[in-house]
Amino acid sequence: MLVCATCAVEYEEPTPAVCPICDDERQYVPASGQRWLTLDELARDHHIKWKENEPGLIGIGQTAQLVATPAGSLLWDPVGYVDDKAVDVVLGRGPVLAIAASHPHMFGVQLEWSHRLGGVPVLVADTDRGWLGRTAAAVEFWSGSRTVAEGLTLHQTGGHFPGSAVAHWDGGANGKGVLLTGDSVFPNPNRRSIAFMRSYPNLIPLSGAVALRIAEQLGVLEFDRIYGNFNNVIASEAKTVLRDSAQRHAAWARGDFDHLT
Ligand SMILES: [Zn+2]
Ligand SMILES: [Zn+2]
């Protein structure tokens, strides 16, 4: 198993010449070229940090979140590295029910995590199965919605990828509800708006219709807070922020603000 040095997704050996995820129009292969790393090589300069974002939710590294419910936990957007210390942190919060990524850019070393956690299921949106660089019996395909535990459910929204998903945790934010999102619903650095893009590094927007569709789909869920990757958070009134951001996105895409350009 090797890990792409750019996107940190695991691949079976022999690897393709170039990582298909990085070579796609949404990402990029660096000018220095494709590099593959072993976990041992990554161990030399990687140490996973974690912090409690709120009771029951532990942020691990730059992207992962562990949602711990009384019934067990979900490891969301697993990072592209794993070591014994990180495994101890995760298992210290109780049994892991499943691992799931918001979309293929966040697959990380999900099967390595699964292996280290005792073979827990890795939930992959069926429509994105072609992006797996590695597969095993632990992979379970799903579509639509998938309950992980009582009060903890995955919802496929599409957008950034057709299989893009969010995790809805109704016990989060003091019972007001939390969404864990990836790039389809991206909390902006100003912490009070959300972006809807096909590509972030290469700046390809989703349409206004898709932004509105996602906001409408998620609008039926109860939530007050959104955690994105890279510690971007909408701390409160996130449902209103999501709706308003989708309307703003659609308005710009439609040309309502062309007089400002
Ligand atoms: Zn890659
Ligand atoms: Zn992405």
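Preceding block: the structure.
Just so we're clear, the structure is a prediction, and the values are computed from it rather than from any experiment.

Conventions used here
- Residues numbered from 1 in each chain as written.
- Chains lettered and ligands numbered in written order.
- Predicted model: local features only at pLDDT ≥ 70, side-chain atom pairs only at ≥ 80, totals over all residues.
- Heavy atoms only, no water.
- Helix = DSSP H or I, 4+ residues; strand = E, 2+ residues; numbered from the N terminus.
- Expected span 1.5 Å × (residues − 1).
- Buried < 20%, exposed > 50% of the residue type's maximum accessible area, 1.4 Å probe, protein only.
- Contact = heavy atoms within 4.5 Å.
- Donors = N, O, S within 2.8 Å, 3.2 Å for Na, K, Ca; no water.
- Tetrahedral: all angles 85-135°; square planar, octahedral: opposite > 155°, others 65-115°.
- Core = buried A, V, L, I, M, F, W, Y, C linked by side-chain atoms within 4.5 Å.
- 1 Å grid on protein atoms, 1.4 Å probe; cavity = no way out; pocket = protein on both sides within 12 Å on 5 of 7 lines; lining within 4 Å.
- Points joined across faces, edges and corners; volume = space filled by probe spheres on them.
- Nonpolar A, V, L, I, M, F, W, Y, C, P; charged D, E, K, R; others polar.
- Salt bridge = Lys/Arg side-chain N within 4 Å of Asp/Glu carboxyl O.

Draft legend 1. Summary view of helix 5 (residues 208–219). Compared with an ideal rise of 1.5 Å per residue, which puts twelve residues at 16 Å, helix 5 spans 16 Å between its outermost C-alpha atoms and is within 8% of the ideal. Restricting attention to buried positions, one finds in helix 5 the residues Gly-208, Val-210, Ala-211, Ile-214, Ala-215 and Leu-218. Where the residues of helix 5 are buried, they touch strand 13 (165–169), strand 14 (178–180) and helix 6 (238–254).

Draft legend 2. Quick peek at the coordination of the zinc ion (ligand 2). Bound to the zinc ion (ligand 2) are the protein donor atoms His-103 (NE2), His-105 (ND1), His-160 (NE2) and Asp-183 (OD), situated 2.1 to 2.2 Å from the metal. Its four donor atoms give the zinc ion (ligand 2) angles of 94 to 152° at the centre, a pattern that matches the irregular case. Going along the chain, you hit the donors of the zinc ion (ligand 2) in the pattern H-x1-H-x54-H-x22-D. Taken together, the positions of His-105 in the loop between strand 8 (96–100) and helix 4 (110–116) and His-160 in the loop between strand 12 (152–156) and strand 13 put the pair 55 residues apart, joining distant regions of the chain. Comparing His-105 with His-160, the two get one shared label, buried.

Draft legend 3. The nonpolar core, seen in detail. In terms of nonpolar packing, the biggest core is built from 40 residues, with Cys-19, Ile-60, Leu-75, Trp-113 and Leu-117 touching the most fellow members. Grouped together as the second largest cluster of nonpolar side chains are 20 residues, Leu-57, Ala-100, Leu-152 and Ala-167 included.

Draft legend 4. Seen up close, empty space enclosed by the protein. Scanning the entire structure with this criterion turns up two cavities of 30 Å³ or more. In this model, the largest cavity occupies a volume close to 60 Å³. Together, Ala-101, Ser-102, His-103, Pro-104, Phe-107, Leu-123, Val-124, Ala-125, Asp-128, Trp-142, Gly-163 and Ala-165 line the largest cavity. Top contributing element to the lining of the largest cavity by residue count: strand 9 (residues 122–125), with three residues. Of the residues belonging to the lining of the largest cavity, the class tally is eight nonpolar, three polar and one charged. One number sums up the size of the second largest cavity: a volume of about 30 Å³. If you go around the second largest cavity, the residues you meet are Val-9, Glu-10, Phe-107, Gly-108, Gln-110, Leu-111, Leu-132, Gly-133 and Arg-134. Its residues placed into classes, the lining of the second largest cavity shows four nonpolar, three polar and two charged.

Draft legend 5. Representation of the pattern of salt bridges within the structure. Throughout the structure, instances matching the rule amount to 13 salt bridges. For Arg-198, the salt bridge is made with Glu-25, and the minimal N-O distance between the two is 2.6 Å. Remark: Glu-25 occurs in the loop between helix 1 (20–23) and strand 3 (36–37) and Arg-198 occurs in strand 17 (residues 197–199); sequence separation between them is 173 residues. Residue class for Arg-198 comes out partly exposed when judged on its relative accessible area of 25%. We classify Glu-25 as partly exposed; its relative accessible area is 44%. Through salt bridges with shared partners, a single network forms among Glu-10, Glu-12, Glu-112 and Arg-134.

Draft legend 6. Quick look at the layout of surface pockets. Considering only enclosed or pocket space, the largest pocket measures out at about 870 Å³ in volume. What lines the largest pocket is a set of 33 residues, and nearest its centre among them are Thr-6, Cys-7, Ala-8, Gln-62 and Phe-230. Of all the elements, helix 2 (residues 39–45) adds the most residues to the lining of the largest pocket, at four residues. Residue composition of the lining of the largest pocket, by class: 17 nonpolar, ten polar and six charged.

Draft legend 7. Seen up close, the coordination of the zinc ion (ligand 1). On the protein side, the zinc ion (ligand 1) has Cys-4 (SG), Cys-7 (SG), Cys-19 (SG) and Cys-22 (SG) as donor atoms, found 2.3 Å from it. Every donor counted, the four donor atoms about the zinc ion (ligand 1) form angles of 104 to 115° at the centre, which fits tetrahedral coordination. Mapped onto the sequence, the donors of the zinc ion (ligand 1) take the spacing C-x2-C-x11-C-x2-C. For the pair Cys-4 and Cys-7, one class covers both residues: buried.

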